[in-house]
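Reading the structure
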Amino acid sequence: VVVDIGASTGIISYLILENLKTPSQIIMVEPYLPNIKSLKENFKNISYKNWILIEKAISNKNGTTQIRWNEDPTVQSITFKKFIHDYNLKFIDFLKIDIERDEYHIFTEENLDYLNNNTGTIVAEFHFFESDKPRFRNFRDNILPKINKPCKVSSLDGVDIKWDLPNDHFINYYNCVIIEWSPKK
C-alpha cells in the first residue's frame, strides 16, 4: 500500500507504478484543485486501476483549512487519524508526505503509535521557514526521538546533513529538508 500525501501531479505515484512492484493500492491525497485536475488527467489512461484520489488536505482538523499554496485557498481537510480510520489503513508500506508546512499535523504524539507500528518506509519533506522554526524544533526534540525507525536526513540536493540536526545551526541554515525512515532490518 502506497500513500502519497501531497500528491501534486502524481509523479511519485507514477514512478512507483513504472519502476516498482505494483502495489495493492495507491492512495493519493491532494487538496489543490489545479493539481487534482492534473492528477485525474495523468492517471486516466493508466492501466493500474487500484488507485484512489482523496481531494482533501491532511490538517489538524476535519472540515476546512487554508493551505499554503499559490493563492492560499481554503480546502476540505481531514486529520491523519481520521484519514487512517476512514480508509481502513491497517498498514502503509510506503508513506510519502510533502504538504508544504502542514507535515507537523501528521508527526504528533497522537499519531506516533501508528507511524511506529503500521508503516514501512516514510519519506517526508519538512519546511521550517521563520514562522515554522518553533514547530520544527518541537518535532526534532520531542517527536523525532520517539520514532523507532532509523532515519536519514538530507538537504534538498541529497547531501547527508543528519550530523547537524541537533544544532541550532541546522534550524537557522536550512529551510527545507527530507527525512526518510526505513524499517529496521
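Refer to the structure presented above.
This section reports on the structure supplied with the text. Treat the numbers as computed from the prediction; the structure is a model and nothing was measured.

**Structural notes on the layout of surface pockets**
- Of the volumes computed, that of the largest pocket is approximately 410 Å³.
- Lining the largest pocket are 25 residues, and of these Gly 6, Lys 96, Asp 98, Ile 99 and Glu 100 sit closest to its centre.
- When contributions to the lining of the largest pocket are tallied by element, the ones reaching two or more residues are helix 1 (11–19), strand 4 (57–59), strand 7 (92–97) and strand 8 (119–127).
- Here the element with the most residues in the lining of the largest pocket is strand 8; it accounts for 3 residues.

**Description of the environment of Glu 30**
- Examined against the element boundaries, Glu 30 turns out to sit in the loop between strand 2 (26–29) and helix 2 (33–43).
- The exposure class assigned to Glu 30 is buried, which follows from its relative accessible area of 5%.
- Sequence separation between Glu 30 and Gly 10 is 20 residues; the distance between their C-alpha atoms is 9.2 Å.
- Once residues lying within four places of it in the same chain are set aside, the contact partners of Glu 30 are Gly 6, Ala 7, Ser 8, Asn 35, Ile 36, Leu 39, Leu 53, Ile 54, Glu 55 and Lys 56.
- There is a polar contact of 3.1 Å between the side chain of Glu 30 and the backbone nitrogen of Tyr 32.

**Observations regarding the pattern of salt bridges**
- Throughout the structure, instances matching the rule amount to 13 salt bridges.
- In the salt-bridge network here, residues are joined through shared partners; they are Arg 137, Arg 140, Asp 141 and Asp 168.

**Section: the side chain of Asn 116**
- Within the secondary structure, Asn 116 sits in helix 4 (residues 109–117).
- A polar atom in the side chain of Asn 116 sits 2.7 Å from the backbone nitrogen of Asn 148.
- Residues within four places of Asn 116 in sequence aside, it is in contact with Lys 146, Ile 147, Asn 148 and Lys 149.

**Thoughts on the sheet that holds strand 5 (residues 63–66)**
- With mixed pairing, 3 strands are arranged side by side in an open sheet as 4-6-5. Edge positions in the open sheet fall to strand 4 and strand 5, since each of these has one partner strand only. Direction aside, neighbouring strands of the sheet carry axes that sit 60 degrees apart on average.
- Across 4 bridges, the pairing between strand 5 and strand 6 (residues 74–79) is antiparallel. In the strand pairing of strand 6, Thr 64 is matched with Gln 76.

**Section: the sheet that holds strand 9 (residues 151–155)**
- Strand order across the open sheet formed by 7 strands is 3-2-1-7-8-10-9, with mixed pairing between neighbours. Looking along the sheet, the strands with just one partner apiece sit at the ends: strand 3 (51–54) and strand 9. Between one strand axis and the next, the sheet turns through 10 degrees on average, direction left out of account.
- One ladder, built from 4 bridges, connects strand 1 (residues 2–5) with strand 2; its direction is parallel. Pairing of Val 2 across the sheet is with Ile 26, part of strand 2.
- Against the sheet, helix 4 touches strand 7 and strand 8, its axis set at about 130 degrees to strand 8.

How each quantity is defined
- Residues numbered from 1 in each chain as written.
- Predicted model: local features only at pLDDT ≥ 70, side-chain atom pairs only at ≥ 80, totals over all residues.
- Heavy atoms only, no water.
- 1 Å grid on protein atoms, 1.4 Å probe; cavity = no way out; pocket = protein on both sides within 12 Å on 5 of 7 lines; lining within 4 Å.
- Points joined across faces, edges and corners; volume = space filled by probe spheres on them.
- Helix = DSSP H or I, 4+ residues; strand = E, 2+ residues; numbered from the N terminus.
- Buried < 20%, exposed > 50% of the residue type's maximum accessible area, 1.4 Å probe, protein only.
- Contact = heavy atoms within 4.5 Å.
- Polar contact = N/O pair within 3.5 Å; in protein donor to acceptor, adjacent residues only side chain to side chain.
- Salt bridge = Lys/Arg side-chain N within 4 Å of Asp/Glu carboxyl O.
- Pairing = 2+ DSSP bridges.
- Axes fitted to C-alpha atoms, helices over the stretch in contact; angles between N-to-C directions.

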